[in-house]
There are 2 protein chains.
Amino acid sequence: MELLLLSNSSLPDQPYLQHAVEPIGQQLAGRRKVLFVPFAGVTQSWDAYTDKVRQALSALELDIVGIHTVEDPLAAVQSAEAIMVGGGNTFVLLKQCRERHLLGAIRRRVQQGAPYIGWSAGANLACPSIRTTNDMPIADPGGFDALDLLAWQINPHFTNALPAGHQGETREQRIRELLCVEPALSVIGLPEGNWIQVSGEHAYLAGPNPTWLFRAGQAAQPLPTGLLTLG
Amino acid sequence: MELLLLSNSSLPDQPYLQHAVEPIGQQLAGRRKVLFVPFAGVTQSWDAYTDKVRQALSALELDIVGIHTVEDPLAAVQSAEAIMVGGGNTFVLLKQCRERHLLGAIRRRVQQGAPYIGWSAGANLACPSIRTTNDMPIADPGGFDALDLLAWQINPHFTNALPAGHQGETREQRIRELLCVEPALSVIGLPEGNWIQVSGEHAYLAGPNPTWLFRAGQAAQPLPTGLLTLG
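Residues numbered from 1 in each chain as written. Chains lettered and ligands numbered in written order. Predicted model: local features only at pLDDT ≥ 70, side-chain atom pairs only at ≥ 80, totals over all residues. Heavy atoms only, no water.

Asks: Tell me what's going on with the packing of aromatic side chains, and back it up with residues and numbers.
Replies: The description of two aromatic rings rests on the distance between their centres and on the angle between their planes. Under the definition given, this model contains 13 aromatic pairs over all chains. Taken together, a centroid distance of 5.3 Å and an interplanar angle of 90° make the contact between A:Phe36 and A:Tyr49 edge-to-face. Taken together, the positions of A:Phe36 in strand β2 (residues 33-37) and A:Tyr49 in helix α2 (residues 46-56) put the pair 13 residues apart, joining distant regions of the chain. For the residue pair A:Phe36 and A:Tyr49, the accessibility class agrees, reading buried in each case. Taking the centre distance of 4.9 Å and the plane angle of 65° together, the rings of A:Phe39 and A:Trp46 count as edge-to-face. Given the relative accessible area of 1%, A:Phe39 is considered buried. Judged by relative accessible area, A:Trp46 falls into the partly exposed class, the value being 24%. Cluster of aromatic residues (ring-pair linked, three or more members): A:Phe91, A:Phe144, B:Phe91 and B:Phe144. (Phe/Tyr/Trp six-rings, centres within 6.5 Å; stacked < 30°, edge-to-face > 60°. Helix = DSSP H or I, 4+ residues; strand = E, 2+ residues; numbered from the N terminus. Buried < 20%, exposed > 50% of the residue type's maximum accessible area, 1.4 Å probe, protein only.)

Asks: Give me helix α4 (residues 90-99) of chain A: which residues, what numbers.
Replies: Most of α4(A) sits out of view: 7 of its 10 residues are buried. Among the residues of α4(A), A:Thr90, A:Phe91, A:Val92, A:Leu93, A:Leu94, A:Gln96 and A:Cys97 are the ones counted as buried. Looking at the buried side of α4(A), the elements it contacts are β2, α2, β4 (83-85), α5 (103-111) and α6 (121-126) of chain A together with α4 (90-99) of chain B. Two to three positions downstream of the cap, the backbone nitrogen of A:Phe91 sits 2.9 Å from a side-chain oxygen, assigning the N-cap of α4(A) to A:Asn89. (Contact = heavy atoms within 4.5 Å. Polar contact = N/O pair within 3.5 Å; in protein donor to acceptor, adjacent residues only side chain to side chain.)

Asks: I'd like a description of the side chain of A:Thr90, backed by residues and values.
Replies: All names here are of chain A. When you line up the elements, Thr-90 lands in helix α4. Separated by 2.6 Å, the side chains of Thr-90 and Asp-135 make a polar contact. Those residues in contact with Thr-90 that sit more than four places away from it in its chain are Ala-121, Asn-124, Ile-130, Thr-133 and Asp-135.

Asks: Mind laying out the pattern of salt bridges, listing which residues take part and the relevant values?
Replies: Side-chain pairs of opposite charge can arise whenever the charged atoms involved come near each other. Inspection of the entire model under this criterion finds 12 salt bridges over all chains. We note a salt bridge from A:Asp135 to B:Arg174, for which the minimum N-O separation is 3.4 Å. Taken together, the residues A:Asp135 in the loop between α6 and β6 (153-155) and B:Arg174 in helix α7 (residues 171-181) connect one chain to another. Connected through salt bridges with shared partners, the residues A:Asp135, B:Glu169 and B:Arg174 form a single ionic network. (Salt bridge = Lys/Arg side-chain N within 4 Å of Asp/Glu carboxyl O.)

Asks: Go over the sheet that holds β6(A) with me, naming the residues and quoting the values.
Replies: Residue and element names in this part refer to chain A. One open sheet accounts for 4 strands, arranged β6-β7-β10-β11; its pairing is mixed. Two strands close off the open sheet at either side, each with one partner strand: β6 and β11 (221-223). Across the sheet, the axes of successive neighbouring strands diverge by a mean angle of 30°, strand direction being ignored. Across 3 bridges, the pairing between strand β10 (residues 211-215) and β11 is antiparallel. For Thr-211, the partnering residue across the bridge sits in β11 and is Leu-223. (Pairing = 2+ DSSP bridges. Axes fitted to C-alpha atoms, helices over the stretch in contact; angles between N-to-C directions.)

Asks: Requested: an account of the relation of the copies chain B and chain A, with residues and values cited.
Replies: Taken as rigid bodies, chain B and chain A are interconverted by a rotation of 180° and an axial shift of 0.0 Å, the fit giving an RMSD of 0.0 Å. Given the turn and translation reported, the copies of this chain are related as if by a two-fold rotation axis. Within chain B, the C-alpha atom positioned nearest to the axis of rotation is that of B:Pro163, 2.4 Å from it. Interface overlap between copies is the fraction of interface residues in one copy that are interface residues in the other; for chain B against chain A it reaches 98%, indicating a shared surface. (Least-squares fit on C-alpha atoms with pLDDT ≥ 70 in both.)

Asks: Help me get a handle on the interface of chain B and chain A, residues and values and all.
Replies: Contact residues are listed per partner, giving 42 residues for chain B and 41 residues for chain A. Here chain B and chain A share 2 salt bridges between them. Counting across the chain B and chain A interface gives 12 residue pairs in polar contact (both at pLDDT 80 or more). Residue composition of the side of chain B that touches chain A, grouped by class: 18 nonpolar, 15 polar and 9 charged. (Nonpolar A, V, L, I, M, F, W, Y, C, P; charged D, E, K, R; others polar.)

Asks: Explain the side chain of A:Gln27 residue by residue, including any values.
Replies: By the secondary structure assignment, A:Gln27 is in helix α1 (residues 21-28). Beyond its immediate chain neighbours, meaning those up to four positions away, A:Gln27 contacts A:Glu2, A:Leu3, A:Leu4, A:Pro115, A:Tyr116, A:Ile117, A:Gln197 and A:Val198.

Asks: Before we move on, could you go through the UniProt feature "active site" (unreviewed entry) in chain A and cite the residues and values that matter?
Replies: As recorded in UniProt, the sites labelled "active site" (unreviewed entry) are A:Ser120, A:Asp135 and A:His157. These residues run over 38 residues, yet every pair of their C-alpha atoms falls within 10.6 Å of each other. Structurally, A:Ser120 can be placed in the loop between β5 (116-119) and α6. When neighbours within four sequence positions are excluded, A:Ser120 is seen to be in contact with A:Leu6, A:Ser7, A:Asn8, A:Gly87, A:Pro156 and A:His157. Mapping A:His157 onto the fold places it in the loop between β6 and α7 (171-181). Exposure remark for A:His157: the relative accessible area of 10% places this residue in the buried category. In this structure A:His157 touches A:Ser7, A:Asn8, A:Ser120, A:Asn134, A:Arg171, A:Leu190, A:Glu192, B:His166 and B:Gly168, once residues within four positions along its chain are discounted. (UniProt positions renumbered as here; feature names shortened; annotations may be inferred.)

Following this line, the structure appears as structure tokens:
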């Protein structure tokens, strides 16, 4: 399997997806035709979202087709050269995919070798479940199980900082709650600007910011970039 | 109905629940026996959570019984003088209540006049659904519908601030996503330190910090303390 899972789409003072252009180009390895899943987009139309991604990745000269524009989305997944899933609201993304019966089809197509590229909600979707999303549960997805393309849960946009004076739970506290109810999980706190690339049996961590591994009963463990060995 | 819905349990440099003691005492209006629902607690035992609340409210000389300690929780709800629901993880709280078939019973008992007191997740539970929780979806509650004791959605711990340099969605952006999929909703952004009290047909806002009303197609509207008139 070939996965590229980015924490986020935008960095301060950079155009949309700019830091993602190079890893996306490498991940596609010459493939030009990309099936884009814009279903996480809520406050923009799926057309506008697809256009925005097209423009942001124009340097790669891709042929990006929005899955919402094809007559048979299931067939489009089954023949996709590459699948790209954008960020937004993870609950809505999962709901839309489930309602169209796309989850199994995407999983199978990626297992057959089509690269999967996702950022933010798109990275959440690749995990065993969406239980490490930061999003507001604005729609019931009918179950939290997701694509299950990798063994770990990724928490995108990871930061443990709180706004000054705020008493709500820190991100680590939230992840620790999950580890209380599901102690066997490994959760990767993936900060903005970083990504995980999976190629065959190996996974690699990249990006400039500190990444953390959370496991039940253990202190948070910093993960070095490069080959990911989670034991 | 008599509801007291607090944004949160703790304020900076104050003991647990200290700012809540006075409004809780007023809400109980002399009642001493309180049925406490600790099911939102995940990283502490329900016993420890109940003890912590007992100690924090000791000045009120209440008889606080944890619902997890009674033989027949449904009967305990049906005869409760007052029901108090603590914060923690809203998804777990809703799941535990649903699995024990307590939601309808709590709603009916509160409609019969038993005061309902909730903070954080406990305030979320009183809303039509838990779709304005900030919590991580660590467990699937089997549907997001909740107690539906009031007409609005409360977003507890409301702040629109982000940690410096963070690019994730602001709280207002998250709420706006909900208003995109459910435009008829009114969402109250209730900051830490504030609460809403419902008495019969009237609702009142209290607390020192700015509270905001969010509606589809309208700018965020500041809500003055005192009688809440949401039109």
